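# Reading the structure
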Amino acid sequence: MAQYHPNTDPPKGFAIFKNIEELASGSDKFRRVLWTGTHSQFVIMTVPVGGEIGEEIHTVDQHLVFLSGKAQAIEDGTKATGDQVCDVHPGDMVIVPAGTKHNFKNVGPTPLIVSTVYAPAEHKADTVHDTLEQGEKLEEEGKDEPPSWAKQ
């Protein structure tokens, strides 16, 4: 994976990430923050075969772009229905408004690779979680909070 060092201070200019699909595919980490701004945060995720993002509710909006793999979208504990798409494929984007209970399960034969933007930031600026379980533990312990300058 190309070496990107997350900013831990407020950004002073724009950031360019070339070939996000290749960058994200090169990460074997469940969650890796690449950039944190005062109003948003850019993160890549790799979910193993049979794994999931984990059922959660954010106080921030989340925009997910699916880069590879196949996921099942789950809203409020059940498969998304109605106008929502149940299966999510590469090139699809899902927007999860703050307060929406959601999960995405990897139902394909390869890792699920996702880039996501939280607005505002959801995680510590230099977060790297090896697994879902590690991420949940750090969040529960209050060790994965966004920087004070990013809480808008």
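None of the values given here were measured: they were computed from a predicted structure.

For the rest of this paragraph, the subject is the overall build of the chain. Along its length, the chain carries 2 helices and 10 strands. Counting from the amino terminus, the chain carries its helices and strands in the arrangement α-β-β-β-β-β-β-β-β-β-β-α. What you see for the chain is a C-alpha radius of gyration of 15 Å, in line with the 15 Å of a compact globule of 152 residues. Summarising its shape, the C-alpha atoms of the chain cover approximately 40 × 30 × 30 Å along the three principal directions. Buried residues in the chain amount to 43% of all 152 residues. Considering only contacts within the chain whose residues lie at least 6 apart along the sequence, 70% involve residues at least 24 apart. The positive charge centre, built from 13 side chains, and the negative charge centre, built from 23, are 4 Å apart in the chain.

Quick look at the side chain of asparagine 106 now. Here asparagine 106 lies in strand 8 (residues 102-106). At 3.2 Å, the side chain of asparagine 106 and the backbone oxygen of proline 48 are in polar contact. Beyond its immediate stretch of four places on either side in the chain, asparagine 106 contacts Val47, Pro48, Val49, Gly50, Gly51, Lys70, Pro111 and Leu112.

Along strand 9 (residues 112-119), 6 of the 8 residues are buried, which leaves the element largely enclosed by surrounding structure. Summarising the sheet, strand 2 (residues 41-47) and strand 9 pair through 7 bridges and their orientation is antiparallel. By the bridge assignment, isoleucine 44 is partnered in strand 9 with serine 115. Pairing of strand 3 (residues 61-68) with strand 9 involves 7 bridges; the strand directions are antiparallel. Across the sheet, leucine 64 pairs through a bridge with threonine 116, a residue of strand 9.

Turning our attention to the layout of surface pockets. The volume enclosed by the second largest pocket comes to roughly 190 Å³. Residue lining of the second largest pocket: Ile57, Thr59, Val60, Pro120, Ala121, Glu122, His123, Glu139, Asp144, Glu145, Pro146 and Lys151, and that is the complete set. Tallied by class, the residues present in the lining of the second largest pocket amount to 5 nonpolar, 2 polar and 5 charged.

The rules behind the values
- Residues numbered from 1 in each chain as written.
- Predicted model: local features only at pLDDT ≥ 70, side-chain atom pairs only at ≥ 80, totals over all residues.
- Heavy atoms only, no water.
- Helix = DSSP H or I, 4+ residues; strand = E, 2+ residues; numbered from the N terminus.
- Rg over C-alpha atoms; globule rule 2.2 N^0.38 Å.
- Buried < 20%, exposed > 50% of the residue type's maximum accessible area, 1.4 Å probe, protein only.
- Contact = heavy atoms within 4.5 Å.
- Lys, Arg positive; Asp, Glu negative; His and termini not counted.
- Charge placed at Lys NZ, Arg CZ, Asp CG, Glu CD.
- Polar contact = N/O pair within 3.5 Å; in protein donor to acceptor, adjacent residues only side chain to side chain.
- Pairing = 2+ DSSP bridges.
- 1 Å grid on protein atoms, 1.4 Å probe; cavity = no way out; pocket = protein on both sides within 12 Å on 5 of 7 lines; lining within 4 Å.
- Points joined across faces, edges and corners; volume = space filled by probe spheres on them.
- Nonpolar A, V, L, I, M, F, W, Y, C, P; charged D, E, K, R; others polar.

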